[in-house]
Structure formats: C-alpha cells, structure tokens
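A look at the structure
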Amino acid sequence: MSRLPAGFVPPVAMDPHNSMPMYLQLSDWFRQAILSGQLRPGQRVPSSRGLASELKISRIPVLGAYEQLQAEGYLETFQGAGTCVARAIPAVLVGPAKPGRPRPLSHGVNGGPNGASRRVSQRVAQMRGPEQTWLANLGAFRVGVPALEHFPLGVWSRLVSRHARGLGKEGMVYGSPMGHMPLRTAIAEYLGATRGVRCDASQVLITTGSQQGLQICAHVLFDDGDAVWMEDPGYPGAHQSLRTAGAQLIPVPVDEDGIDVAQGERLGPHARAVYITPSHQFPLGSTMSAARRMRLLEWAARHDAWVIEDDYDSEYRFGGRPLVSLQGTDAHERVIYVGTFSKVMFPAIRVGYLVVPRDLAGAFEAGRDAIDTFTSTLYQYAMTDFIREGHFARHIRSMRTLYQARRAAVLAAIELEMGGRLAVVGADAGMQVAGLLPPGVDDVAVSRAAAQRGVSVRPLSQCYLKPPQRGGLILGYGGASLEEIREGVRQLSRCF
Ligand SMILES: Cc1ncc(COP(=O)(O)O)c(C=O)c1O
C-alpha cells in the first residue's frame, strides 16, 4: 500500500484538568483515532513540532506519545518523510469510514447506527419514496439530461479558465444575493427577446437552478400550511421544494389545455399560489390554452395569489410559433418566472434565475441571502461571456435541430416496437416525451425492469399527488443518440 498524504487530522482533544499525563492522553487519542478509522493506515500525522505548537504545549509530551505509539506498532517513521500511521495495521481492526446506505424513512423515524429509532422531520420523511433504480444509470432516456457530447466544452472551459486566472479580489469575496449584474442584464435581454418576458435586470435573481428558485419562492411567499395549487401530475422536484417550505399542495388535474383552472378554483379557492409549467406541461407535455391563461391570471389578481411559472425547456419547440411566457401577458405583476440553464447548458452548471415582480425584489433578495447567500461567482462570469459572445444562441439553435430529430426517432421507434402499448401524449416540444401504458400495467415495475437492461425511464405515477388511474413512462431523449434511442426502445418493449 502506498503512503497517503497528510490529509485531514481531526482536532486532538486534550483536557488540561485531567490528572493523566499529557503524553498518555495524546497516545490514547491517537490509538482511538486509528482504531475508529479517523486516521487511516499510511496517513501522515502532524510533526511533533507542529502538533506541540498547535496544542500550545511543550514538544516533550508529543515526542513521548509518538515514541510510545511507535513501540506499540501504531505509528512508523520514514527517513525524510515524517511519521505515519503504520501501514501494517490490519484493515479489519480499523473501523468503517464508509457511510451506510441510506435507508427509507418512515413517519419521521430513521434507523440509527444501532438500529434505534431516530426522528427526522415529517417534511423530509414524506419526501423519500421507493428507491429510484432508474436513476442509477446514464443509459437512454434519463429525463433532464441534454446532449452533453454536443456541448461546446472547449469554449466553455476557455471562458472558465480565463475568469479563474483573472478572478481578482472582487470575484473572490462575497457577491450580491441577486447575482452578478452583467449576467442579470444579459438574461433580462435574452428573456425579453425570446420569451416575451417583461423585466429589467433589477428583477432578475440568479439562483443555483430551478430547484432552488422554487425553494426561494416558497420561503419568500408562503407561511407554514399555505395552500398551493399543484399540477397533477406535476414536477416531483416542485413537490419537494414547496413542501420543505411548509406549503400544503392541492392537486389540480391537468388535461390537453394545461391545468384545469375551474377545478383549481373549486378545490382551493383561497390558495396563496399556483405552480405551473404552461409552455410545456411536465410531464404530460400539453401547452396551456389562451383561455385558461387569462382565467388563471384573473383569479390570481382577484385573490392576491401568486403564479409560479416554471419555464424549464421552452427554448425547444418544434412545431408552431414560439409562445410568449405567461409572465409576458400578466398585467398585474402576479407571476414569478422560474428559469434554468440545466437544459440549455448542462445540469451540473447549477445556475438558474428568477424574474420577480419589481416590488418584491427586496423581499427576494433578503430570502435568497438567508438561504445560501449567492451563486458561485466564477460560473456567473463565464455564463455572462457565453451569452454575450453568441455561443449560447448558437448552441440553442443547433440543439433545437438535434432534439427535433431525436424526438422524431423516439416516436418512430415507439410506433415500430410498441405499437399501441405506449400511447404518446403531449406537444411537439422539449427534451422528453410521456406515454401512457395499458390500464393495469405497473409503471414502477416497468421502469425497474428497464433499469436492469440499462434503460432509464421514469414512471409517470411518481409525478402524481393523487393515485393515477393509469400508469405511464417518461422518456428523456435529449441525451440519447439515434442508435441509443432505437436500441433503448427495443429493450423497453421487452419489459412489459
Ligand atoms: C419541470 C422542471 N423544472 C425544472 C427542472 C430543472 O431543475 P434545475 O434547474 O434545478 O436543474 C426540471 C428538470 O428536469 C424540470 O423537469
């Protein structure tokens, strides 16, 4: 085994009031740390001079403890390389440093290290469902994954390293909770031109993605127990983020015209807000009709309620004219617009944005500050240049053509391999498609079987708050090549 670098040594606990000699306290501490796995075989320990100075004691007890531990075989010394934990300590003697597998939580209670019950919050307990085996691989149809192999990584890394090298003091200290002003300006211009969003940079707040954007909305707008209409089926990430903030979700049915506003008025007349994906409903893919949009905005204005518009993938529409966002048609400033770079760049970028009503900007700034202060400055700088230098618009244009071809390939493969067994629903847009399974087929079982064949499809039933009448599957095609799409659908057709 090769020697490990110094690594992190946990704080050495010394009690000045303990009658035990210091060198014994120290040697006891090291023995425990080695046996419990906090210090690993081969890991370098601090020099005697360094440790004595850190503990503000003389060097003599440290030398005494190290000598003792060497004599017992816990430590060994190498000429010129300092003192290390002995490599010969059998791994079985050394306690586990690996965390256990997370266990499902139930009713706010978790299995403790000794099997004892330990409470966690009800909010978190209700969040953890069955194990999502379909997320264990990156095979065809993983929802939310774009065509990563087509991302201009060379350009992006050049921008990131340019900014990393020249970061300067301003880029290394705390930034504004609202985000980097040039990026906010670029986003405001982009949204105005492409989505009809009416805003200026003062209304744009940079987030670490939509998930956080929704969480900030909930913290700023809701109190515990406030009712919120939720599209049913809807985006599970929104269920999570709104619930953790204490919102009470009211499932409102969705059809080919989007959320059923009349039903919402009946089911939750006094709701504080509504969460919707009007451009491309997640997961069923419908586009909200103009009549429903008008009715929803009127309801929100009349009831002093907020409309949270999640516009997660509207850059990709393949048929018809581009749609104006709901925010762009709202005369009463009731809409909070949620956007992300996860689809148009890549999910791990963790940069997104909110557009908030002008009078709420201060409240949102305070709420964001309380949650996690601000988004990493380096990626904000690089993203600004990526937009300003035209790479962003170019990438979106080429991905639109690519996804259109991938979508056509999925539909053709489903038709060929599965015929009537998967009934595709939804509009010609985005990076995923939903299909309904024949009545009685368990979509979780199909997703599990598909995962075993290396195919990642998401069960539709996981998106419902109320148990659905019929199961289905969501297929993300953004990250799958034409060949992977054909083979993926072939494999999928064997799963039920
Ligand atoms: C409806 C919806 N909103 C938002 C997101 C993206 O979230 P984030 O920006 O947190 O990556 C997704 C990703 O799959 C989504 O499906």
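Residues numbered from 1 in each chain as written. Predicted model: local features only at pLDDT ≥ 70, side-chain atom pairs only at ≥ 80, totals over all residues. Heavy atoms only, no water.

What follows deals with the site of the ligand. The local shell around the ligand consists of Gly209, Ser210, Gln211, Tyr235, Tyr275, Phe282, Asp310, Tyr312, Thr340, Ser342, Lys343 and Arg350. Within the contact set of the ligand, an oxygen atom lies 2.7 Å away from a backbone nitrogen or oxygen of Ser210. Interatomic distance of 2.6 Å between a side-chain N/O atom of Thr340 and an oxygen atom of the ligand. Against a free-state accessible area of 400 Å², the protein chains account for coverage of 92% of the ligand. Its residues assigned to classes, the shell around the ligand comprises four nonpolar, five polar and three charged. (Near = heavy atom within 4 Å. Polar contact = N/O pair within 3.5 Å; in protein donor to acceptor, adjacent residues only side chain to side chain. Areas by Shrake-Rupley, 256 points an atom, 1.4 Å probe, with all protein chains shown as cover. Nonpolar A, V, L, I, M, F, W, Y, C, P; charged D, E, K, R; others polar.)

Mapping Tyr275 onto the fold places it in strand β9 (residues 273-276). Classification of Tyr275 as buried rests on a relative accessible area of 0%. Sequence separation of Tyr275 and Ile308 is 33 residues, and the distance between their C-alpha atoms is 4.8 Å. Apart from the residues within four sequence positions on either side, Tyr275 is in contact with Leu214, Val228, Trp229, Met230, Glu231, Tyr235, Ala238, Leu242, Ile308 and Asp310. A distance of 2.6 Å separates a polar atom in the side chain of Tyr275 from a polar atom in the side chain of Asp310. (Helix = DSSP H or I, 4+ residues; strand = E, 2+ residues; numbered from the N terminus. Buried < 20%, exposed > 50% of the residue type's maximum accessible area, 1.4 Å probe, protein only. Contact = heavy atoms within 4.5 Å.)

Pairing between strand β1 (residues 75-78) and strand β2 (residues 82-85): four bridges, direction antiparallel. Bridging across to β2, Glu76 finds its partner in Cys84. If you look at the hairpin formed by β1 and β2, you'll find three residues sitting between the two strands, and Gly80 has a positive phi there, around 75 degrees. (Pairing = 2+ DSSP bridges.)

So, on to the sheet that holds strand β13 (residues 423-425). With antiparallel pairing, four strands are arranged side by side in an open sheet as β13-β14-β16-β15. Looking along the sheet, the strands with just one partner apiece sit at the ends: β13 and β15 (458-459). As defined by bridge partners, strand β14 (residues 432-436) adjoins strand β16 (residues 472-476) across five bridges and the pair is classed as antiparallel. What sits directly across from Ala434, in β16, is Ile474.

Another aspect to go through is the domain arrangement of the chain. Each domain of the chain was delimited in the assignment, giving domain 1 (22-93), domain 2 (133-144 + 394-493) and domain 3 (167-388). The centre of domain 1, based on its C-alpha atoms, is set 54 Å off from the matching centre of domain 3. (Domains from an automatic or database assignment.)

Residue placement: Asp226 occurs in the loop between α8 (210-221) and β6 (227-232). A relative accessible area of 17% places Asp226 in the buried class. Polar contacts involving the side chain of Asp226 include one to the main-chain amide nitrogen of Asp223, which spans 2.7 Å. Other than its neighbours up to four places away in sequence, Asp226 contacts Leu221, Gly246, Ala247, Gln248 and Arg272.

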